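Fold and geometry: a report
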Number of protein chains: 2
Amino acid sequence: MNEQLQPLKKHTRTAKSRTGTQDDIVYAHIFDAILEQRLAPGTKLSEEALGEIFGVSRTIIRRALSRLAHEGVVLLRPNRGAVVASPSVDEARQIFYARRLVERAITELAVEHATAEQLAELRQMVTDERDCFDRGDRGAGIRLSGEFHLKLAEAAKNAPLVSFQRSLVSQTSLIIAQYEGGSRSHCSYDEHNELIDAIEARDADKAVQLMMHHMDHIDSKLNLDEDTASDDLHAVFSHLLLGKKKLRPANS
Amino acid sequence: MNEQLQPLKKHTRTAKSRTGTQDDIVYAHIFDAILEQRLAPGTKLSEEALGEIFGVSRTIIRRALSRLAHEGVVLLRPNRGAVVASPSVDEARQIFYARRLVERAITELAVEHATAEQLAELRQMVTDERDCFDRGDRGAGIRLSGEFHLKLAEAAKNAPLVSFQRSLVSQTSLIIAQYEGGSRSHCSYDEHNELIDAIEARDADKAVQLMMHHMDHIDSKLNLDEDTASDDLHAVFSHLLLGKKKLRPANS
DNA sequence: GATTATGTGTTTGTATACAAGAAATGCAAG
DNA sequence: CTTGCATTTCTTGTATACAAACACATAATC
């Protein structure tokens, strides 16, 4: 039953390898497409169109969109369909506040609970992440970088925090994709490696300090601080550009 | 369209007064039923049965169950239907850990951002809550007490935290309903009032201190600490009791 | 000429029919 | 009497058909 539809062999099979039910697959593919900016913020996600693309009925699409909406990467307006979320600067700040809070707790818990296997997996993920950035696959890099933080949350052994972290990481990735600054190395894997070192050494203070510095680093690369005008304008007008009618020059 | 089905005038109209779409109504009613323990942990939630009860199709029920599963009050097993969640002691501990974390942040933010109107609303909610407990409506009391904490989260003006808090409060209410200790005053409204006082005085340290004490108070009333044997057994066997066939006495 | 009303087309919301999977029951064999 | 297997029934998963709401365009009136 999972085999009867596999028209989903896009790019490098970035969608999660877990061969779950169809809506998992659809969910993962839309998710990846959003993070890799193949779907721009504000883009309308028509149920029927997506259904045709993935070869499934609207029922499945609807479930996937519902999940994405719950994680905040898709906005689901009643009777008006789904669009790719375009977080405002204020929303981005709220997300970053929550993330600092959660990352601090996760780091402390991971120092306490992370097993050797988990640390090894984390190291592997950092390697994969570096490979992605090296080969220029920015979208996959952002996604893997997010998955690193999610894996860390799993090492903390607190299910509610994992769930929350998943939502925060998704939205953060969206924000990074949207508000990226000039610098290209986004989530420096060096910092990730140092972090694993501190956790492996069971040095909670240092690990937390590194994590907080890492957070600072991430949002210092974004154009959130004061400098929000240009990106904000883009977000503000993105929904107007959806209609197919051509706009006349605004300054005439 | 919202008016065409109203066979939902149960008890005291506790379901949220927002007259949203059908699945909101169904969601709220099942949610309330679980919190007020009219649905015991482990109870199977048949889609068709619920559909008949609420006079809607399985489609709506399915959406509602999906939401409830996302909040953690319902467990959704693939191909095997939904059951009312029965959090283990360990899961309860994880939830409480996360709640302390979030409540601390929310309190700090509320001190900073809460408006006079919001504080007034909070006071009103405490009054309502006291009325419920006074008139012996324990289920509604637990629910209102949870809604107080949710309202406080809204005053903190951080959307991701509100969303997370909603999930945590739901699960906490379920835990309280499941692991209640002997004492009857569950979420002492006095503590809620003191908390509002401190927030109104913009005294962050005192507010946080009160909130943490409040959290201590809540879980000191539960049978989580060491004393978990009896309740654990109940949780372990609860799903066996679902079948309608009568069990023979276990100790014979 | 601008603004409002109306009609058409497209998209979402809901219900239902059908297919696939799991639990339960009954039968048969040891 | 117990145990293993097959059939049967019930429940969930998915697709599709229908109804309602919205967006857009056209036309009519002020």
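Presented here is an overview of the structure given in this document. (Residues numbered from 1 in each chain as written. Chains lettered and ligands numbered in written order. Predicted model: local features only at pLDDT ≥ 70, side-chain atom pairs only at ≥ 80, totals over all residues. Heavy atoms only, no water.)

So, on to unusual backbone geometry. Residue and element names in this part refer to chain A. Located in the positive-phi region is Asn 79, a residue other than glycine, with phi close to 65°. Among the secondary structure elements, Asn 79 is positioned in the loop between strand 2 (74–77) and strand 3 (81–84). Given a relative accessible area of 87%, Asn 79 falls into the exposed group. The phi dihedral of Arg 202 is positive, around 55°, even though this residue is not glycine. The partly exposed category is assigned to Arg 202, whose relative accessible area is 40%. (Helix = DSSP H or I, 4+ residues; strand = E, 2+ residues; numbered from the N terminus. Buried < 20%, exposed > 50% of the residue type's maximum accessible area, 1.4 Å probe, protein only.)

In the neighbourhood of DNA strand D, 19 residues make up the surrounding shell, with Gln 22, Thr 59 and Arg 80 of chain A together with Lys 44 and Arg 62 of chain B lying closest. With respect to DNA strand D, the side chain of Arg 80 of chain A contributes an N or O atom lying 2.8 Å from a phosphate oxygen. Residue Lys 44 of chain B places a side-chain N or O atom 2.9 Å away from a phosphate oxygen belonging to DNA strand D. Listed by contribution, the elements that provide at least two residues to the surface near DNA strand D are helix 3 (58–71) of chain A together with strand 1 (44–45) and helix 3 (58–71) of chain B. At four residues, helix 3 of chain A tops the list of elements feeding residues into the surface near DNA strand D. For the surface near DNA strand D, the residue count by class is five nonpolar, seven polar and seven charged. (Near = heavy atom within 4 Å. Polar contact = N/O pair within 3.5 Å; in protein donor to acceptor, adjacent residues only side chain to side chain. Nonpolar A, V, L, I, M, F, W, Y, C, P; charged D, E, K, R; others polar.)

With that settled, consider the environment of Ser 145 of chain B. All names here are of chain B. Relative to the helices and strands, Ser 145 resides in helix 6 (residues 138–155). For Ser 145, a relative accessible area of 5% puts it in the buried group. The spacing of Ser 145 and Arg 130 is 15 residues in sequence and 9.2 Å in space, taken between C-alpha atoms.

The next subject is the interface of chain B and chain A. With 18 residues of chain B at the interface, the matching set in chain A holds 18 residues. When chain B packs against chain A, the two sides together hide about 1,600 Å² of surface, and 66% of this comes from carbon and sulfur. Along the contact surface separating chain B from chain A lie zero salt bridges. Scanning the region where chain B abuts chain A turns up six residue pairs in polar contact (both at pLDDT 80 or more). (Contact = heavy atoms within 4.5 Å. Buried area = accessible area lost by both parts, 1.4 Å probe. Salt bridge = Lys/Arg side-chain N within 4 Å of Asp/Glu carboxyl O.)

Attention shifts here to the environment of Lys 44 of chain B. Considering the arrangement of structural elements, one finds Lys 44 of chain B in strand 1. The sequence separation of Lys 44 of chain B and Ala 82 of chain B amounts to 38 residues, and the corresponding C-alpha distance is 5.9 Å.

What follows deals with a negative patch on the surface. Residues and elements named next belong to chain A. Taken together, the side chains of Glu 108, Glu 112, Asp 203 and Asp 205 define an acidic patch exposed on the protein surface. Counting through the fold element by element, Glu 112 comes out in helix 4 (residues 89–113). Under the relative-accessibility criterion, Glu 112 is labelled exposed at 59%. (Patch = residues over 30% accessible without salt bridge, like charges linked within 9 Å, V, L, I, M, F, W, Y side chains within 5 Å. Areas by Shrake-Rupley, 256 points an atom, 1.4 Å probe, with all protein chains shown as cover. Lys, Arg positive; Asp, Glu negative; His and termini not counted. Charge placed at Lys NZ, Arg CZ, Asp CG, Glu CD.)

Moving on: the relation of the copies chain B and chain A. The operation relating chain B to chain A is a screw motion whose rotation component is 180°, with 0.0 Å of axial translation and a residual RMSD of 0.0 Å. Given the turn and translation reported, the copies of this chain are related as if by a two-fold rotation axis. For chain B, the smallest separation between a C-alpha atom and the rotation axis is recorded for Phe 164 of chain B, amounting to 3.3 Å. Both copies contact each other with a shared surface, as 100% of the interface residues of chain B are interface residues in chain A too. (Least-squares fit on C-alpha atoms with pLDDT ≥ 70 in both.)

This part covers the packing of aromatic side chains. For any two aromatic rings, the description comes down to two numbers: the centre-to-centre distance and the angle of the planes. Residues and elements named next belong to chain A. Under the counting rule described, the total for this entry stands at five aromatic pairs over all chains. Between Tyr 27 and Phe 31, the aromatic rings sit 5.8 Å apart at their centres with planes inclined by 20°, giving stacked as the arrangement. Residue Tyr 27 and its partner Phe 31 are located together in helix 1 (residues 22–35), separated by four residues, close to a single helical turn. With respect to burial, Tyr 27 and Phe 31 carry one shared label: buried. Centre to centre, the rings of Phe 133 and Tyr 189 are 6.4 Å apart; their planes meet at 40°, and the pair counts as tilted. Here the residue Phe 133 occupies a position in helix 5 (residues 116–134), and Tyr 189 occupies one in helix 8 (residues 189–200), the gap between them amounting to 56 residues. According to the relative accessible area criterion, Phe 133 is buried, its value standing at 17%. (Phe/Tyr/Trp six-rings, centres within 6.5 Å; stacked < 30°, edge-to-face > 60°.)

A few words now on the nonpolar core. Within the largest apolar cluster, 82 residues are counted, with the highest numbers of intra-cluster contacts made by Leu 161 and Ile 199 of chain A together with Leu 161 and Ile 199 of chain B. Residues contacting Leu 161 of chain A, with those up to four places away along its chain left out, are Val 102, Ala 105, Ile 106 and Leu 109 of chain A together with Tyr 97, Ala 98, Leu 101 and Phe 164 of chain B. Counting 24 residues, the second-largest nonpolar core is a separate cluster that includes Val 74, Val 84, Ala 85 and Leu 174 of chain B. (Core = buried A, V, L, I, M, F, W, Y, C linked by side-chain atoms within 4.5 Å.)

Attention shifts here to the protein's contact with DNA strand C. By nearness alone, 17 residues border DNA strand C, and Arg 58 and Arg 62 of chain A together with Gln 22, Ser 57 and Arg 80 of chain B come closest of all. Looking at DNA strand C alone, sugar and phosphate atoms form 70% of those within 4 Å of the protein. The contact in question runs from a phosphate oxygen of DNA strand C to an N or O atom on the side chain of Ser 57 of chain B, over 2.9 Å. Arg 80 of chain B is positioned such that a nitrogen or oxygen atom in its side chain is 2.5 Å from a phosphate oxygen of DNA strand C. Put simply, the parts of the chain that give the surface near DNA strand C at least two residues each are helix 3 of chain A together with helix 3 of chain B. Classifying every residue of the surface near DNA strand C gives four nonpolar, seven polar and six charged.

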